[in-house]
Amino acid sequence: MNISKIYGINGTLNCFKVLGVIVLLSLYCPTMILSQSSLVFPNDNWVQIDDSLSFTWNECSNADSYEISFSNSAQFTVEDIISVVDSSYEDDFSYGKYYWRVRCIIGGSPSSWSNIRSFAITDLNNFGNIAFWIAADSNVVKDVNDDVSEWNDIGSNNIDFIQPAPSPQPKWEDSIEKLNNKPSMNFDGVDDFLEATVSNLNIAELFVVANWKGAQTNFPGFNGLIMPNNGLLFYVGQSGTTNFFSDASTAFIGNNFINRQSTINFGPINKFKLVHGSRASPTNYSGTAFRVGRDRNLANRFWNGYVPEIIGFSTPLSAANLDSVHQYLRFKYAPPENLGFDFSKYSFCDTTLSAGTRFESYLWSTGETTETITINESGTYWVEVVDIFGFPSSVT
């Protein structure tokens, strides 16, 4: 029997019939003995702000139980070993970076440890310089129709974005597929916007996750993503281009980044991206308003698109904290490919392998560039993907 082990693939098995009888492959397949586990989730270098995290790994054949180990050191000089019955575990963690690994207990004897992965629990508020922080999964006030009247600050400065008038209220949507099924604000490009009153607030770094949802390939006007009513400007699409407007009147001239690349080009504008502006010296805003979804108080300058999260910092970030913000947003909205538990595929059946629909590009070991492929031959298969923020990942 020709056996193929396929690692981490979500597959759909479609067996054919021979003389009217369904071929049951399990009748012909030898047992595969796996004496060492491999880790499934979370991916290596995972970053999140929630203190609760679930862990999964591939089962070992004939395992009585498992041991999962956590440590603050990659060498596991001091570790916490926990015995569990199943191939999953969930726990709460304080802020910090951790390493984890798993081994099987078979017949009372432990196997070798699995590979090692790391994860971090972070709180951006601990950086000490959050100016404001709004996210569509927190502190949202909406009505039964999901019209949003308040998008309140997660940070400590109470920079709350509000819209008391019904017509200009953006919609809240609970699950956007391209955003890892996270919620987002939906601005209609006609009159939707939210406004926060600002008094003596410094801005040195600004992060915005957004897209344009219209059919246009260029911005149709000067469309405001997030703008102050007075002072140095933030982000407004420049009419007839795919660029954000940038000159001496803008806050981040020469220090604009889109998907970690130094550019003001938001094209293709209908794709979700991470926009980041940085200043060496903070600029101060006092007695003004910040508007999300509108260019200042100007008519017909609205944003038509989704905005799930915006974070502002009052002082420049260190290299380590800058990386933490990027990783937090990446693992929240565009985590690396993770195709689940291992399984064994045997001859006679076609199997559909799916990498999911939330990535921007795909490359399989077969040379195909589609979201799914169908295989019917033994072998090892891999897929490489690029997410909405430009991060590559792969699974074999």
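Computed from a prediction, not measured in an experiment: that's the story for all the values here.

**Student:** I tried to follow the overall build of the protein chain on my own but got confused; where do I start?
**Tutor:** Of regular secondary structure, the protein chain possesses 1 helix and 35 strands. Buried residues in the protein chain amount to 49% of all 396 residues. Expressed as a percentage of contacts within the protein chain between residues at least 6 apart in sequence, the contacts between residues at least 24 apart total 65%. A total of about 17,500 Å² of accessible surface is found on the protein chain, and carbon and sulfur atoms cover 47% of it.

**Student:** Honestly, the state of the cysteines in this entry has me stumped. Any pointers?
**Tutor:** Every disulfide links exactly two cysteines, by a covalent bond between their sulfur atoms. For the coordinates displayed, the defined rule picks out 1 disulfide. The disulfide that involves C60 links it to C104, with 1.6 Å between the sulfurs. Remark: C104 occurs in strand 11 (residues 96-106) and C60 occurs in the loop between strand 7 (52-57) and strand 8 (65-71); sequence separation between them is 44 residues. Across this residue pair, the class does not change: C60 and C104 are buried.

**Student:** I would appreciate a short explanation of helix 1 (residues 319-333) in the present structure.
**Tutor:** Each full turn of the α-helix corresponds to 3.6 residues, which orients residues three or four apart in the same direction. Relative to the 21 Å expected for 15 residues at 1.5 Å per residue, helix 1 spans 21 Å between its end C-alpha atoms, a close match to the ideal helical length. If you check which residues of helix 1 are buried, you get V325, H326, Q327, Y328, L329, R330, F331, K332 and Y333.

**Student:** It is not clear to me how the packing of aromatic side chains should be interpreted in this structure. Could you clarify?
**Tutor:** When we look at a pair of aromatic rings, we describe it by the centre distance and by the angle of the planes. Counted by the stated rule, this structure contains 36 aromatic pairs. Judged by centre distance (6.3 Å) and plane angle (20°), the rings of F244 and W303 are stacked. Here W303 lies in the loop between strand 27 (288-292) and strand 28 (304-307) and F244 lies in the loop between strand 23 (235-237) and strand 24 (256-258), a separation of 59 residues in the sequence. With relative accessibility at 0%, the residue W303 sits in the buried group.

**Student:** What exactly am I supposed to notice about the nonpolar core here?
**Tutor:** One recurring pattern in soluble globular proteins is that nonpolar side chains are buried together. Core analysis: the largest hydrophobic core is formed by 45 residues, its most contacted members being F55, W57 and F119. With 5 residues, helix 1 is the single largest residue contributor to this core.

**Student:** Explain the confidence of the model for the protein chain to me, please; I cannot follow it from the model alone.
**Tutor:** For any part of a model where pLDDT is low, the fine detail of the predicted coordinates should not be relied upon. Scored by pLDDT, the protein chain has a mean of 88; 88% of the residues are at 70 or more. Within the model, the stretch residues 1-33 combines pLDDT values under 50 with 80 contacts to residues more than four positions away or in other chains.

**Student:** Which parts of the structure should I look at to understand the sheet that holds strand 35 (residues 392-395)?
**Tutor:** Within a sheet, each strand pairs with its neighbour through backbone hydrogen bonds, oriented either parallel or antiparallel. One open sheet accounts for 3 strands, arranged 32-34-35; its pairing is antiparallel. Looking along the sheet, the strands with just one partner apiece sit at the ends: strand 32 (361-364) and strand 35. The sheet shows a mean angle of 15° between the axes of neighbouring strands, taken without regard to direction. Two elements, strand 32 and strand 34 (residues 383-386), share 4 bridges in a ladder whose sense is antiparallel. Opposite S361, over in strand 34, you have V386 as the bridge partner.

**Student:** I tried to follow a negative patch on the surface on my own but got confused; where do I start?
**Tutor:** Taken together, the side chains of D50, D51, E90 and D92 present a region of like negative charge at the surface. Looking at the secondary structure, you find D50 in the loop between strand 6 (46-48) and strand 7. Residue D50 is classed as exposed on the basis of its relative accessible area, which comes to 51%.

**Student:** When you look at the side chain of S71 in this model, what are you seeing that I'm missing?
**Tutor:** Along the chain, S71 falls in strand 8. There is a polar contact of 2.6 Å between the side chain of S71 and the backbone oxygen of V78. Ignoring any residue separated from it by four or fewer positions in sequence, one finds S71 in contact with F76, T77, V78, E79, K97, Y98 and Y99.

**Student:** Would you take a moment to explain the environment of S361 for this structure?
**Tutor:** Of note, S361 is situated in strand 32. Separated by 23 residues in the primary sequence, S361 and E384 place their C-alpha atoms 8.2 Å from one another. Residue contacts for S361: discarding those within four places in its chain leaves E384, V385 and V386.

**Student:** Just to check I follow, could you spell out the pairing of strand 18 (residues 171-176) for this structure?
**Tutor:** For a regular strand, side-chain orientation follows a simple rule: the groups alternate between the two sheet faces. Relative to strand 19 (residues 182-188), strand 18 runs antiparallel, the two being bridged by 4 bridges. The residue bridging W172 from the neighbouring strand is M185, located in strand 19.

**Student:** Can you help me understand the side chain of Q169 in this one?
**Tutor:** The residue Q169 is located in the loop between strand 17 (161-162) and strand 18 in this model. Exposure remark for Q169: the relative accessible area of 10% places this residue in the buried category. Side-chain polar atoms of Q169 contact the backbone oxygen of Q163, separated by 2.8 Å.

**Student:** Sorry if this is basic, but what is going on with unusual backbone geometry here?
**Tutor:** A negative phi holds for most residues other than glycine; trans holds for most peptide bonds. Of the consecutive residues F41 and P42, the connecting peptide bond is found in the cis state with omega at 5°. Along the chain, P42 turns up in the loop between strand 5 (39-41) and strand 6. The omega torsion of the bond from G267 to P268 falls at -10°, within 30 degrees of zero and hence cis. For P268, the position within the fold is in the loop between strand 25 (261-262) and strand 26 (273-285). A positive phi is found at N139, a non-glycine position, where the angle reads about 55°.

**Student:** Help me understand the sheet that holds strand 5, please; the structure alone is not making it clear to me.
**Tutor:** Pairing in this open sheet of 3 strands is antiparallel, and the strands run 5-7-10 from one edge to the other. The two strands at the open ends of the sheet, each matched to only one other strand, are strand 5 and strand 10 (88-92). Each adjacent strand pair in this sheet contributes to an overall mean axis angle of 30°, direction not counted. Looking at chain direction, strand 7 and strand 10 are connected through 5 bridges and run antiparallel. Bridging from a neighbouring strand, S54 pairs with E90 of strand 10.

Rules used in this analysis
Residues numbered from 1 in each chain as written. Predicted model: local features only at pLDDT ≥ 70, side-chain atom pairs only at ≥ 80, totals over all residues. Heavy atoms only, no water. Helix = DSSP H or I, 4+ residues; strand = E, 2+ residues; numbered from the N terminus. Buried < 20%, exposed > 50% of the residue type's maximum accessible area, 1.4 Å probe, protein only. Contact = heavy atoms within 4.5 Å. Areas by Shrake-Rupley, 256 points an atom, 1.4 Å probe, with all protein chains shown as cover. Disulfide = S-S within 2.5 Å. Expected span 1.5 Å × (residues − 1). Phe/Tyr/Trp six-rings, centres within 6.5 Å; stacked < 30°, edge-to-face > 60°. Core = buried A, V, L, I, M, F, W, Y, C linked by side-chain atoms within 4.5 Å. pLDDT = per-residue confidence, 0-100. Pairing = 2+ DSSP bridges. Axes fitted to C-alpha atoms, helices over the stretch in contact; angles between N-to-C directions. Patch = residues over 30% accessible without salt bridge, like charges linked within 9 Å, V, L, I, M, F, W, Y side chains within 5 Å. Salt bridge = Lys/Arg side-chain N within 4 Å of Asp/Glu carboxyl O. Lys, Arg positive; Asp, Glu negative; His and termini not counted. Charge placed at Lys NZ, Arg CZ, Asp CG, Glu CD. Polar contact = N/O pair within 3.5 Å; in protein donor to acceptor, adjacent residues only side chain to side chain.

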